[in-house]
Amino acid sequence: MNSVLASNTIRFFALLLVQVTICSNINFLGYINPFIYIIFILLFPVKSNRPLFLLCAFNMGLIVDMFLDSGGVHAGASVCLAFVRPIFLKYAFGTLYDHQILKFNKLQLNELVVYISFMTLFHHFVVFNLEIFNISQILLILKKTLISSLFTVVLSTLLILLFKARK
Amino acid sequence: MQQIFNFVIRNKTFLLFLLLFGIALSMTIQSHSYHRSKFINSANSLTGGVYGTVNSVGQYFDLKEQNLILVEENKQLKEQLLNSTKTTETVSIDSTFTEKRFSIIPAEVYKNSYNSPNNYLTINRGKRDSIQQDFGVITSKGIVGIIDNTSNKFSTVLSILSKKSRINAKLKSSNQSGSLTWDTKSPYLARLEDVSQFAKVNVGDTIVTGGQSAIFPKGIGIGTVEEFKTDATGDTYTIQVRLFNDMTTLQHVYIIKNNDIEELKSLEAQSDE
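Note that the structure is a prediction, hence the values are computed from the model and not measured. (Residues numbered from 1 in each chain as written. Chains lettered and ligands numbered in written order. Predicted model: local features only at pLDDT ≥ 70, side-chain atom pairs only at ≥ 80, totals over all residues. Heavy atoms only, no water.)

Attention shifts here to the overall build of chain A. When its secondary structure is counted, chain A shows seven helices and zero strands. In terms of C-alpha radius of gyration, chain A reaches 15 Å, essentially the compact-globule figure of 15 Å for 167 residues. Each principal axis of the C-alpha distribution contributes one length, and for chain A these read about 45 × 30 × 30 Å. Each of the 167 residues in chain A was classed as buried or not, and the buried ones make up 50%. Accessible area for chain A stands at about 8000 Å²; split by element, carbon and sulfur atoms hold 72% of it. With 12 positive and 5 negative side-chain charges, chain A shows a spacing of 12 Å between the two charge centroids. (Helix = DSSP H or I, 4+ residues; strand = E, 2+ residues; numbered from the N terminus. Rg over C-alpha atoms; globule rule 2.2 N^0.38 Å. Buried < 20%, exposed > 50% of the residue type's maximum accessible area, 1.4 Å probe, protein only. Areas by Shrake-Rupley, 256 points an atom, 1.4 Å probe, with all protein chains shown as cover. Lys, Arg positive; Asp, Glu negative; His and termini not counted. Charge placed at Lys NZ, Arg CZ, Asp CG, Glu CD.)

All names here are of chain A. By the definition in use, this model includes 18 aromatic pairs over all chains. With 5.4 Å between their ring centres and 70° between their planes, Tyr-91 and Phe-118 make a pair best called edge-to-face. Pair noted here: Tyr-91 is in helix α4 (residues 73–93) and Phe-118 is in helix α6 (residues 109–132), with a separation of 27 residues, a long-range link. Tyr-91 sits in the exposed class, given a relative accessible area of 59%. An aromatic cluster is defined as three or more aromatic residues linked by ring pairs; in this entry it consists of Phe-12, Phe-13, Phe-40, Phe-44 and Phe-53. (Phe/Tyr/Trp six-rings, centres within 6.5 Å; stacked < 30°, edge-to-face > 60°.)

Counting from both sides, the interface comprises 32 residues of chain A and, opposite them, 34 residues of chain B. Between chain A and chain B the total buried area reaches about 2900 Å² when both faces are included, carbon and sulfur atoms providing 71% of it. Among the residues chain A hides against chain B, the three largest losses belong to Met-66, Phe-67 and Asp-69 of chain A. Together they make up 23% of the total. At the boundary of chain A with chain B, the tally comes to one salt bridge. Between Lys-111 of chain B and Asp-69 of chain A there is a salt bridge, with its nearest N and O atoms 2.9 Å apart. At the junction of chain A and chain B, the tally comes to nine residue pairs in polar contact (both at pLDDT 80 or more). Only α1 (2–21), α3 (50–68), α4 and α6 of chain A provide two or more residues apiece to the side of chain A that touches chain B. Here the side of chain A that touches chain B takes ten residues from α3 of chain A, the largest share from any one element. Taken together, the residues of the side of chain A that touches chain B break down into 19 nonpolar, eight polar and five charged. (Contact = heavy atoms within 4.5 Å. Buried area = accessible area lost by both parts, 1.4 Å probe. Salt bridge = Lys/Arg side-chain N within 4 Å of Asp/Glu carboxyl O. Polar contact = N/O pair within 3.5 Å; in protein donor to acceptor, adjacent residues only side chain to side chain. Nonpolar A, V, L, I, M, F, W, Y, C, P; charged D, E, K, R; others polar.)

Here the focus is a nonpolar patch on the surface. Residues and elements named next belong to chain B. On the surface, Met-1, Ile-4, Phe-5, Phe-7, Val-8, Ile-9, Phe-14, Leu-15 and Leu-18 cluster together into a nonpolar patch covering about 900 Å² of accessible area. Element by element, the count of residues in the nonpolar patch is highest for helix α1 (residues 2–10), at five residues. Of note, Leu-15 is situated in helix α2 (residues 12–33). Take Leu-15: its relative accessible area is 31%, and that puts it in the partly exposed class. (Patch = residues over 30% accessible without salt bridge, like charges linked within 9 Å, V, L, I, M, F, W, Y side chains within 5 Å.)

Bringing empty space enclosed by the protein into the picture now. For the structure shown, the criterion picks out three cavities of 30 Å³ or more. The computed volume of the largest cavity comes to approximately 300 Å³. Lining the largest cavity are 21 residues, and of these Ser-24, Asn-33 and Leu-68 of chain A together with Asn-115 and Ser-116 of chain B lie nearest its centre. Secondary-structure elements contributing two or more residues to the lining of the largest cavity are α6 and α7 (138–166) of chain A. Taken together, the residues of the lining of the largest cavity break down into seven nonpolar, eleven polar and three charged. Looking at the second largest cavity, its volume works out to about 150 Å³. Asp-69, Ser-70 and Gly-71 of chain A together with Ser-31 and Asn-118 of chain B are the residues nearest the centre of the second largest cavity, which is lined by 16 residues in total. Contributions of two or more residues to the lining of the second largest cavity are made by α2 and β2 (118–123) of chain B. A total of three residues in the lining of the second largest cavity trace back to one element, the largest contributor, which is β2 of chain B. Along the lines of polarity and charge, the residues of the lining of the second largest cavity split into four nonpolar, nine polar and three charged. (1 Å grid on protein atoms, 1.4 Å probe; cavity = no way out; pocket = protein on both sides within 12 Å on 5 of 7 lines; lining within 4 Å. Points joined across faces, edges and corners; volume = space filled by probe spheres on them.)

Here we take up the sheet that holds strand β8 (residues 189–196) of chain B. Strand pairing within a sheet occurs via backbone hydrogen bonds; the two strands may be parallel or antiparallel. Residues and elements named next belong to chain B. Judged by pairing direction, the barrel is antiparallel, and its six strands sit side by side in the order β6-β7-β8-β11-β10-β9 before closing back on the first. Recorded for the sheet is a direction-independent mean angle of 40° between the axes of neighbouring strands. Of the pairings in the sheet, the one linking strand β9 (residues 206–209) to strand β10 (residues 221–230) comprises three bridges and is antiparallel in character. Bridging across to β10, Val-208 finds its partner in Gly-221. (Pairing = 2+ DSSP bridges. Axes fitted to C-alpha atoms, helices over the stretch in contact; angles between N-to-C directions.)

The phi torsion at Phe-133 of chain A lies on the positive side, around 55°, for a residue other than glycine. Judged by relative accessible area, which is 37%, Phe-133 of chain A ranks as partly exposed. The backbone phi angle of Asp-194 of chain B is positive, close to 60°, even though this residue is not glycine. Along the chain, Asp-194 of chain B turns up in strand β8.

Looking now at the UniProt feature "transmembrane region" (unreviewed entry) in chain A. Residue and element names in this part refer to chain A. Taking the UniProt record as the reference, the feature "transmembrane region" (unreviewed entry) is found at residues 12–44, 74–92, 112–133 and 145–163. What you have in residues 74–92 is 100% helix and 0% strand, and the ends, taken at the C-alpha atoms, are 24 Å apart. The annotated region residues 145–163 carries 100% helix and 0% strand content, and the separation between its end C-alpha atoms amounts to 26 Å. (UniProt positions renumbered as here; feature names shortened; annotations may be inferred.)

Right under this line is the structure:
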């Protein structure tokens, strides 16, 4: 149990640091940045109690907001993502999740990619909606969501696989 | 009563979600609608410390470019000095009593962003360097933004690349003024609105600060006219301005402190009464 706590704490701070120092300064094609900090929410233990999970996600988003001066955009999106995660888990893993025997380091690659893609698309859609905050610019929101999500999905899949192999 | 407690306990996750999302949403709305971003900002020792460490490594990568910018600025200043028609006669005998209207404080950019609708910079000067809200920030080429939040050692700057920013600017040739905003499309272009139709505008004309507010002195460069068109009402021009500054590669900036600001403010407060 303690190792779960330790690994999640380390993941929290490591992802935060990588996000604000590297990933938010990539500016690929002028405006595309991946938000890899959501890996923390993706890989949070399934069997933990949900209020704690929501609070952790909120704090993660809040600290990212503080670094990026973005108001409450990332805090809001992270809380949303944490709240709807069971739906995506159920969709992506089906019976594994129903029987409560889901372990993130023993998964098929295709299931993992489906899970990461849906979670990322949802999160980025909320982020850009809150950031632009103007429904008449829905095309811009969708464009940003799609391109940034692609970047995040590739990067976070690689990161998850990289650190899984080491264990 | 029992039922209410049961309801709260049964739906505690959902209620917590609503609470947290409500907090986040209100902070987002607050950051969109008011000029100040009060609650969460990067002018604090945690973010400043992290960005400072990153910057101490990152600054070496564009040393050459920054040197060229400094040499260019030195060249301009030397030219001004050598071509100045004023001679030593105008220097007052006792400089103790000739007050400077503006003081300049150099600073380094720790964080820069230019791809969200409201962009902020974090710089390494704060309250202990006597920086306050509403001081102007410029580079040798042109304006950058206005100080927003300050902590002891760091400040955030509301960039001109921001929907919230409105800066008084004018055409250098005809002195017709308007307000400078940003349409969030490109970090190289800003928009000058509400310029009277009486102004003669040509593509390539210089836009400078207007000096009608206490933030920027008159005549600091902003950019050149890229294109202009008559706006919907038909009596004003909307001008696309190509900025002098490359807002994507800022490193060294100057903060302008208006030494008369206390007096101006108290005067304005008096006339409001």
